[in-house]
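Notes for the structure review
Residues per chain, in single letters:
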Amino acid sequence: MPDFHGPIQHVTLAGTLWLMLCCPLAASLVCARWALASGSGRAATREAIAIVSIGAMALALAVSAYHGWVLGSLPESERFLLQHVWRLVRFGQLDASFDLALDPLSSTMTLVATGMGLPIFVFAASTMKDRGSPAAYARFFAWLNALVFATLLLVLADNFLLLLFGWEGVGLCSWGLVAFAWTDGASVSVGRRAFVVGRVSDALLVLGIALFYWVFGGGWAEGDYVPDLNARFSSVEVQEPGADSDDDAMAKAKDATSRAAVAEPADRDDEDAESARLPALKGDGLLTLTSYPGATVFMDDARTPMKGPDGQWLRSPFARLPVRAGYHSFRIHAGGGLDDFLVTHVAFGEGREIALSSFGPTVTFREARDQLALRDAHGVATARDSLLAKRGFGSVGLVTVASLLLFFGAAGKSAQIPLHVWLPDTTAAPAPASALLQTATAAIAGVYLVARLGFFFALSPAACTVVALVGAATALSAAVAALYQYDIMRILAYSTVSQLGMAMLAVGASGHAAGVFQLVAQACCKTCLILSAAALVHALPLAAQGEALARDVRRMGGLGRLLPGTARAYAVGCLAMTAAPIPGLVGFWSTNALLVRAFSARTLFVPGALLGGVALVVTALTSFYTWRTYYLAFDGESRGTLDGVREAEGAVPRVLAVLVGLCALAGVLGVSSRLLGRGGDSLLEEWLAPSLRGSESPSAAGGALREWGVVVAAYACAVGGFLLARAHYSGRQREDQWEARERRAPLFAAGRHGFWADAVYANALVALFVRTRDFAAEFDRHVIDGIVHATGILTRALAWLVGRVDDDVVDGAVRALSHGTVRVGERVRSAQTGRVQTYVYVIVLGILALALLQYWLR
Amino acid sequence: MNLRRLSSSSAWLPLVGWLSLFALLALSIAWSGRAVASPIGAPPSASASASVPAAPPLPHRPIVALSTADGARGPLVLTARDGAYVAELTIADEGGEPLIVSRVAIRGDDEDVRAPPRLSARFSDGSATTATIAPATSKHIVVTWTPERNARTRQVLAHVVITSNDEQAGEVAMGVRAQLASVAPFFFDHLLSCLTFVPLLGALFIVLMAGFGRGDDRSARTIALVATALQCVFAVWLATLFRGDVTRLDGNDGYQLIEHAVWVRSFDVEYFVGVDGISMPMVLLTSLVSFLGCVASETITTRPRGYYALYLLLATGMMGVFVALDLLLFYVFWELVLLPIYFLVGAWGGARKEYAATKFIVYALVGSVSMLLAFLAMYANADRTFMVDGTTVAHTFSIPDLARVSFAGKHLTIFGVDFAKVVWCLLFFGFAIKIPVFPLHTWLPDAQVEAPTPISVILAAVLLKMGAYGILRINFAILPDATRWAAGAMVALGVVNVIYGALCAMAQDDLKRLVAYSCVSQMGFCLIGLGSLTPQGIAACLIQMVSHGVIAAMLFLLVAVIDDRVRTRSLRALGGLASQMPLYAVLSGLAFVAASGVPGLSGFWGEVLALLGAFPSYRALTTIGALGLVLAAAYNLGAFQRIFLGPFRDSWRTSAALEPFGGRFPDLTGRELATVAPLAVIAVVLGVWPVPLFGLIAGGVRDVTSVVDPAGPDQVASLLHRASHALALLR
């Protein structure tokens, strides 16, 4: 009998996912080799480096697009490609393998990473040529390729431990890229800060993983954790997702279980009666096993393992293997020092698919989600209920604690307050690297993780509320900070922080699809904006004097006439980013989807209107600061000498054109699928649905009126921001004293300094650590070693003392004794007089004394 | 002893000679213990009854006497016969009354597995396990072992236990021993001894050659290289013979490749060595580091013969610690490690070598004394058991036998405190000095800084692990109850180590000191893992021991590179070296990144699994411990950045230190690369493919966990089982 039933994730095995990782990894290694060999005369030319890197990226894009297509051609419930590469750890209940998984969510992310990666690589190959030696060029591409590799690993990981590989790899690569100009002390220390901030989030994530892992099994008895010692297996009857919400399906499941209950071994007393009572089983059933990759399966107590269709021994993972009808038992030999697992009395019949599924602690996302969705024979979601019942730290649900730890881990990567400081720092990296870090790789990881764990966060409304609030706070404060920056790259970086905050807000409001959409939109427009800004900065003569000078918008102006192509690309980027109501542009759709989710959010104590309101304000601010940058840079009078400023040639304009095209076309993702005859959600939402199963919480019924209201409000905010920016900064209306006026604007000081986050870190946290560190070192040197030395000195003093005692007291005593004996002897000798009378007197006196003594003592 | 005089004269030679002779003596006793067992150890009655005609009148009671077929006392060696291993044991009655044997059995049962399965003993006449033997007659007992085709254990070490009506003798036993046939029986049977004593042989060779006035410094180096290389080869061979999935349920207490003989009969000491999942990775690490350290010793130019002789002695001692299964043998090897290090640091060290060496030896001896006291206390309170040849002894030093003693059940106290707890603390104190645990750690930075490079490498890579290994091997195995009692303290000390070590490391300017403090910090993760008592935590401890051994060795070798070039290790003086020495920069970057626990490199597994394992029981402590990840990144990356990044100082070009190199920093030499590269490869391979290492330790981790944290009734029951239990109650 199947012990459980429910929607197990159908898995389609794939053998080619590793290719996607292989391309950037190989390119990275080749480039690193070239970078090292630069001195030895075996150096490669810049062209070779560019060809290898761009080629690898194009290949990765092609592989990722191919797999996306493969995924799309599968039935919706089977959209999950899995490849087992090798085992990492397996002992106790911990099982993690180098498993790659591709579902619609990770497919979207791989497409973003490689799809944005390719234009950025082309751009970098062209603009980095004249900077530094070929070795530096090779090193740059080695890091860029490594960054893409780490990101792909991160999104393809099937479990938490593998995800950590990508997660920290991304952190390491951001260090390498931010500190790319490594002879410059400032950029090096900025790079280290990026890495250390990343490590803070890693540490939190590790703790979150630990709790996530343990909370799925065992239990806390009187404060002590009592783990299950072995993993457990049960048979699960696979149902279509969504079936168990259906009453019919419930009834059917009950029916199935009641039929199966007949097969209860305890009832089996008579074989004939048994077979008579059992329902007849006809046709082949299907068997699936995807846990414990590499495990060997034995059927019906056979001493040799089962054979697969290809004649080889059957090893996990496999899916939908035909098994003849009847009752079977299975023994699963997982290895790694684990006992074999037994699953007995599994009924197979026509069209029944049985999955042997592991229970208990897991670090695999898929298994965790499956467990939570399963129901036992009585229709109770046992695992989910026992998970929700676990409490710790007072009476907080452990699900909430785990979710919060995971979220703060994710917040570090996606630059949420207060761990956002590293992202504006990435502007120290060369512009293409900065673009890649912000839009396609490092920064999207956090939002991705929260979306990936949506099924887990959905169990804890409190955690979701915190996610949404932190997202809202980040979005708002970073938008304010972006208002008052002068460095064009920093404006865009703060804008990225703000947009990531918006995505987090959406994810917290359980609008995972909207959040992911926001990421995609953000990737398109922000890449376009950063690269066109980079092209602009690159074209300026000031760039020769220093990047920082050239990036200052106060020194720009009137460049639109000289660089019309760049200006156009930047303008399209602006339009796409703000919620301008031009149908093709991506920002309009993503912002609307996000706002609708925000307004209809149902969080613990925060009204949806507040979240929506914040989002609207951020929309207005976004529109304002983007257009401010545009007008300051491209409009008005030019400043300084602009001789020789002209459009870049070759690859740069083409890359910008492609990005403009992407900004325009990506809006298609937001089109309602009703046009294609499906449900009412947007295309992206429809596409992501299988990945986000179990993570959507019921949201307040929106209604067309509310949706249209939100759309109109967003439109108004975007246009309002635009008009305000135009009124203040466009060439004709800009005041001469606009800087002074800005200084008087509300929140200027806070925004200008990014709410003093850097200062707080430097003066409070870092200073605290420096002081503690110095204290520890002094303590070690003086106190602990002091105690050691004091013990040594004391021992020597004691030894001296003992020596003296030995000399004076002990020897003295001996001497004294001998002297005393001699002296006593001399005295006593005088008593021996030899006269008998004296002896008699003494004897008589002695007897008398004794008699008296006797008398007194009586 | 005046070290300065020692280092300036050639007084080391006789000293080394004496030490080696001492070791040789110990070894010869060990060997004589086996060979001598038959003529001297045999009971006089067995041979006397046959040959002496005028026997005294027999006492009026039964006297049981066991002997092997050739009249020797044991252990009984089973020989192959038709796929089975068989031997006959003679049981005789030497008393004047009939001897009634009520039970003949292989020692151990399902609850307390001692022997591998399929081992049996019965009377040769086919009778059951009971028999009556008339006075002055004997019967034979056939002991048979029929190993499966693919036997999990390749050897049998067991006892046949006989209960009879000889009340004075009580239960008597005969040792049984069998070994699956192999291609090279001698090496197979004595592989562990070969592995352990090959370096000692090399040391003797060097001393003898010096004594006869032959051989020069170069030949000493060659001998040392050959000896350590041979040790490596043996270790790899050992690893191929070793099965990681064997647990104590497979018999022989889970140990493999056991060599077991009586050593000092009067003190019940045995020569007992063997490996299991806990010691196997350490054996591999030790042999590898010994070899690489030997390669790196090329820079030692003063009195190399003495150096290599002591170095080889050290190699033997370290290996012995990890294979010894008898407490006194363990102690002998433990002491054998300390003395060479004292001289190596004190005579070949840096500026403050005498201070460092004295500090090291005083700490080490204090720890040893505490350890020895604990050993003697356990010995004195052990239960009656049998030695390998079947001799009944009242006390024992054997670890597996001591592990079966229920000290808690004896209700012993020392000064009113529970015996087990006091002994546990004494042991822990001894091992904690080695780990080193705050606040007993200050010997480490001093010793590391002053020691010559290869000795720094060995200190970090192997010596610190001896502490954690000792805790696992002795505290965990013998005193599980006390271990549970002290688990929280171990985690707390581990967290203190992690944080405090990292903070101290951040404040250092001397690179070697920085790495030394990072060792303190990293070993804290071992303690956290140990204290967690979960399989994840214990595995993490072992993984961390190996991985930190590899990474710390790499770091010290890399520090030596810069130290050799310009005689400075000050972070303030360096900077921008990446442009000068790109390969060195890349390898150092790898080492520092690995030390900060980034995934993809071996350091990751230890740290993450330790935190994962300890989290359910010690949430607050683990959360603080996780701060160690951040600090590790800060100090490792900080050190890397200050040495290699930033502007290069042109003042170096004109400095006197670089004159021999023509004013620039030369990149790694072939010898330096040869020492660092294997470690780097291991760090990367274990980082992305840790299965080989996890495979080695699986069985050992299982055993340790099942001892310190035996499964409760709820722990294996699944959701399903729990539900069915509930249903059964309802019915």
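The model shown is predicted, which means the values in this text are computed figures rather than measured ones. (Residues numbered from 1 in each chain as written. Chains lettered and ligands numbered in written order. Predicted model: local features only at pLDDT ≥ 70, side-chain atom pairs only at ≥ 80, totals over all residues. Heavy atoms only, no water.)

A separate point is the overall build of chain B. Counting secondary structure elements, chain B contains 23 helices and 16 strands. By residue count, 63% of the 731 residues in chain B fall in the buried class. Across chain B, contacts joining residues at least 24 apart in sequence account for 78% of those joining residues at least 6 apart. Of the roughly 25,500 Å² of accessible surface on chain B, 64% is carried by carbon and sulfur atoms. (Helix = DSSP H or I, 4+ residues; strand = E, 2+ residues; numbered from the N terminus. Buried < 20%, exposed > 50% of the residue type's maximum accessible area, 1.4 Å probe, protein only. Contact = heavy atoms within 4.5 Å. Areas by Shrake-Rupley, 256 points an atom, 1.4 Å probe, with all protein chains shown as cover.)

Moving on, we get to the confidence of the model for chain A. Across chain A, the average pLDDT comes to 81, with 89% of residues at or above 70. Segment residues 243–276 of chain A is flagged for pLDDT under 50; beyond a separation of four residues in sequence, or across chains, it makes 32 contacts in the model. (pLDDT = per-residue confidence, 0-100.)

Residue and element names in this part refer to chain B. The topology assignment puts D326 in the loop between α8 (304–323) and α9 (327–348). R473 provides the closest opposite charge to the buried, salt-bridge-free D326, at an N-O distance of 12 Å. Every residue in contact with D326, bar those within four places of it in the chain, is listed here: V269, E270, F272, F397 and S398. (Lys, Arg positive; Asp, Glu negative; His and termini not counted. Salt bridge = Lys/Arg side-chain N within 4 Å of Asp/Glu carboxyl O.)

What follows covers the pairing of strand β12 (residues 269–275) of chain B. Each regular strand displays side chains that alternate between the two surfaces of the sheet. Residues and elements named next belong to chain B. Counting buried positions along β12 yields 7 of 7 residues, so the element is predominantly enclosed. Burial along β12 is two-sided: the residues V269, Y271, V273 and V275 and E270, F272 and G274 are all buried. Sheet topology places strand β11 (residues 256–264) next to β12; 6 bridges connect them, and they run antiparallel. Within β12, the residue paired with H260 across the bridge is F272. (Pairing = 2+ DSSP bridges.)

Before going further, it helps to spend a moment on helix α5 (residues 191–211) of chain B. Structurally, the α-helix is built with 3.6 residues per turn, so residues lying three or four positions apart point the same way. All names here are of chain B. With 21 residues, α5 extends 30 Å from end C-alpha to end C-alpha; this agrees with the ideal 30 Å at 1.5 Å per step. Along α5, the sharpest change in direction is near 40° and occurs at F197; proline P199 comes one to four residues later. Counting buried positions over the 21 residues of α5 gives 16, a clear majority of the element. G213 lies just past α5 and shows a positive phi near 70°. (Expected span 1.5 Å × (residues − 1). Bend = angle between axes of the 7 residues up to and from the residue.)

Another aspect to go through is the pairing of strand β7 (residues 232–238) of chain A. All names here are of chain A. Within β7, 7 of the 7 residues are buried, which leaves it mostly tucked inside the rest of the structure. A two-sided burial pattern is seen for β7, the buried positions comprising R232, S234, V236 and V238 on one face and F233, S235 and E237 on the other. Taken together, the 3 bridges between strand β1 (residues 4–6) and β7 define a ladder with parallel strand orientation. Note on β7: the bridge partner recorded for G6 is V238. In this structure, β7 lies alongside strand β13 (residues 353–359), joined through 6 bridges in antiparallel fashion. Paired with F233 across the bridge in β13 is S358.

Residues and elements named next belong to chain A. Taken together, the side chains of L798, W800, L801, V802, V805, V809, V810 and V814 define a hydrophobic patch exposed on the protein surface, amounting to about 750 Å² of accessible area. As for its placement among the helices and strands, L801 is situated in helix α29 (residues 757–831). Look at L801 and you get partly exposed, because its relative accessible area is 44%. (Patch = residues over 30% accessible without salt bridge, like charges linked within 9 Å, V, L, I, M, F, W, Y side chains within 5 Å.)

Turning next to the environment of A:L531. Residue and element names in this part refer to chain A. Examined against the element boundaries, L531 turns out to sit in helix α18 (residues 512–539). Residue classification places L531 among the buried residues on the basis of a relative accessible area of 0%. When the C-alpha atoms of L531 and L659 are compared, they prove to be 9.2 Å apart, with 128 residues separating the residues in sequence. In contact with L531, other than residues within four places in its own chain, are I120, F123, P432, A435, V655, L656 and L659.

Across the contact, 64 residues belong to chain A and 78 residues belong to chain B. Put simply, the parts of the chain that give the side of chain A that touches chain B at least two residues each are β3 (81–91), α5 (160–178), α6 (185–215), β6 (224–226), β7, α11 (398–413) and α29 of chain A. By residue number, the principal contributor to the side of chain A that touches chain B is α6(A), which donates 15 residues. For the side of chain A that touches chain B, a count of residues per class yields 41 nonpolar, 11 polar and 12 charged. (Nonpolar A, V, L, I, M, F, W, Y, C, P; charged D, E, K, R; others polar.)

With that settled, consider helix α1 (residues 17–36) of chain A. Residues and elements named next belong to chain A. The terminal C-alpha atoms of α1, which comprises 20 residues, lie 30 Å apart, in line with the 28 Å expected from a rise of 1.5 Å per residue. Buried residues of α1: L17, M20, L21, C23, P24, A27, S28, C31 and A35, and no others. If you follow the buried residues of α1, they end up packed against α2 (46–73), β3, β4 (94–102), α3 (104–127) and α4 (134–156).

Moving on, we come to the confidence of the model for chain B. Residue and element names in this part refer to chain B. When pLDDT is averaged across chain B, the result is 84; 89% of the residues are at 70 or more. Confidence, read as mean pLDDT per element, is least for helix α23 (residues 719–730) in chain B (40) and greatest for helix α7 (residues 280–296) (94). Contacts from residues 1–14, a stretch scored under 50 in pLDDT, to residues over four places away or in other chains number 19 contacts. Here residues 30–50 is a poorly scored stretch, pLDDT under 50, and it has 20 contacts once near neighbours within four places are set aside; other chains count. Listed scores for the predicted complex are pTM 0.88 and ipTM 0.86.

The next point concerns the sheet that holds strand β5 (residues 99–106) of chain B. Taken in spatial order, the 5 strands line up as β2-β10-β9-β5-β7 (chain B) in an open sheet, and their pairing is mixed. The sheet is open, and its two edges are formed by β2 (76–77) and β7 (131–133) of chain B, each paired on a single side.

Residue and element names in this part refer to chain B. In contact at an axis separation of 8 Å, helix α16 (residues 511–532) and helix α19 (residues 603–614) are set at 35° when each is read in the N-to-C sense. For the pair α16 and α19, the crossing hand works out as left-handed. On α19, the residues that touch Q522, F525, I528, G529 and S532 of α16 are E607, A610, L611, G613 and A614. A class-by-class count of the residues in the contact of α16 with α19 yields 5 nonpolar, 4 polar and 1 charged. (Axes fitted to C-alpha atoms, helices over the stretch in contact; angles between N-to-C directions. Left-handed = near helix turned anticlockwise from the far one by under 90°.)

This model, assessed by the stated rule, comprises 52 aromatic pairs over all chains. Here the aromatic rings of A:F165 and B:F604 are separated by 5.5 Å at their centres, their planes lie at 75°, and the arrangement is edge-to-face. With A:F165 in helix α5 and B:F604 in helix α19, this pair bridges two chains. One exposure class covers both A:F165 and B:F604, and it is buried. Members of the aromatic cluster, each reached through a chain of ring pairs, are A:W143, A:W175, B:Y584, B:F592, B:F640 and B:F644. The aromatic ring of A:F298 is capped on one face by A:R331, whose charged end is 4.3 Å from the ring centroid. Here A:R628 stacks its cationic end above the ring of A:Y729, 5.7 Å away from the centre of that ring. (Phe/Tyr/Trp six-rings, centres within 6.5 Å; stacked < 30°, edge-to-face > 60°. Lys NZ or Arg CZ within 6 Å of the ring centre and 35° of its normal.)

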